[in-house]
Every structure is written in C-alpha cells, then in structure tokens.
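Residues per chain are reported as follows:
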Amino acid sequence: MKQFLKIASCLLITLALAVSCSPLLNANTTEFTTGKVQEIVVGKDGYTAKLATTENSIYLVTINRTNLLEPTQYRQVSTGETIQVKGDIFKISGVNHMTVRVLK
C-alpha cells in the first residue's frame, strides 16, 4: 500500500508540473512580428531588445546566435530600428517574451 501511495504521489506531482508549465510553451513560429526597438540590454551570449510592435504590443525579444535557426542572421540592432522577428512566444507575469529564431 505504501508503494502504491508513493507511485500515485509521483504521478500526481508530474501531472501538476506538466499542467502548470504548459501555458509557458507556445511555439509560435509561423508569423513575423514587426516592431521598433525601444531599448537594448546586453547579455552574456546576446541581448534582449524591448520591441514596440505595430499592433501596440510590447515584447522582450531575446536574440543570440545559438537560438537562431541560421546563426549567420545574428547582428546587433540599434535603438529606433524597425526589425522583423519570428520565434517562440511566451508570457511571464503578463509580459510578452520571444526567443527569436529568425531575425530580419
């Protein structure tokens, strides 16, 4: 009986984690998002840009070579520049984030 309870507890915890993390995983790689770069924060392997889109949304887009489908697309963008990005979109505390896979 104790063994059954241990297994049932493990399964319940696994199910709870899967359900709680599922809203974070939204691989939206079909459409480009266009926006103007508001600010840039340089990181260890790349940078995060605050992007104001044409639909009046704000995205924090993370751009680095390892996440791009084609690493040769990597380039430094400038504040005020309009860019197009495509990648994995998710929300954390109501803020839109994107891991960029394609940079134009």
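Just above sits the structure.
The structure displayed is predicted, hence computed values, not measured ones.

The rules behind these values
Residues numbered from 1 in each chain as written. Predicted model: local features only at pLDDT ≥ 70, side-chain atom pairs only at ≥ 80, totals over all residues. Heavy atoms only, no water. Helix = DSSP H or I, 4+ residues; strand = E, 2+ residues; numbered from the N terminus. Buried < 20%, exposed > 50% of the residue type's maximum accessible area, 1.4 Å probe, protein only. Contact = heavy atoms within 4.5 Å. Areas by Shrake-Rupley, 256 points an atom, 1.4 Å probe, with all protein chains shown as cover. Salt bridge = Lys/Arg side-chain N within 4 Å of Asp/Glu carboxyl O. Phe/Tyr/Trp six-rings, centres within 6.5 Å; stacked < 30°, edge-to-face > 60°. Lys NZ or Arg CZ within 6 Å of the ring centre and 35° of its normal. Core = buried A, V, L, I, M, F, W, Y, C linked by side-chain atoms within 4.5 Å. Pairing = 2+ DSSP bridges. Axes fitted to C-alpha atoms, helices over the stretch in contact; angles between N-to-C directions. Polar contact = N/O pair within 3.5 Å; in protein donor to acceptor, adjacent residues only side chain to side chain.

Moving on, we come to the overall build of the protein chain. Across its full length, the protein chain holds 1 helix and 5 strands. When the helices and strands of the protein chain are read in sequence order from the N terminus, they spell out α-β-β-β-β-β. Relative to its 104 residues, the protein chain shows a buried fraction of 27%. The contacts in the protein chain between residues at least 6 apart in sequence include a share of 52% that link residues at least 24 apart. As displayed, the protein chain has an accessible area near 7,100 Å², and 59% of this comes from carbon and sulfur atoms.

For the structure shown, the criterion picks out 2 salt bridges. Among the ionic pairs, glutamate 81 bridges to arginine 75, the shortest N-O distance being 2.7 Å. Note on glutamate 81: relative accessible area 24%, which makes it partly exposed. Of the charged contacts, one joins aspartate 88 and arginine 101 as a salt bridge, the two residues approaching to 2.6 Å between their closest N and O atoms.

On to the packing of aromatic side chains. Considering all chains together, one arrives at 1 aromatic pair under this definition. When the ring centre of phenylalanine 32 is taken as reference, the NZ or CZ atom of lysine 104 above it lies at 4.5 Å.

Next up on the list: the nonpolar core. Counting residues in hydrophobic clusters, the biggest one holds 16 residues, and the most contacted among them are Val61, Val85, Val100 and Leu103. Mapped by element, the contributors of at least two residues to this core are strand S2 (46-53), strand S3 (58-64), strand S4 (82-92) and strand S5 (95-103). The contacts of valine 85, once residues within four sequence positions are left out, are Glu31, Phe32, Thr33, Leu51, Val61, Met98, Val100, Val102 and Leu103.

Hydrogen bonds between backbone groups are what pair the strands of a sheet, and the pairing can be parallel or antiparallel. Sheet architecture is closed into a barrel: 5 strands sit in the order S1-S2-S3-S5-S4, paired in mixed fashion. The mean angle between the axes of side-by-side strands here comes to 45°, regardless of whether they run parallel or antiparallel. Relative to S2, strand S1 (residues 33-42) runs antiparallel, the two sharing 7 bridges. Residue pairing in the sheet places valine 41 in a bridge with threonine 48 of S2.

To continue, consider the environment of glutamine 84. Topologically, glutamine 84 is positioned in strand S4. A residue is classified by how much of its surface remains accessible, and glutamine 84, at 31% relative accessible area, is partly exposed. With sequence-adjacent residues up to four places away left out, glutamine 84 is seen in contact with Phe32, Thr33, Thr34, Val102, Leu103 and Lys104. Reaching out from glutamine 84, the side chain makes a polar contact with the side chain of threonine 34 at a distance of 3.3 Å.

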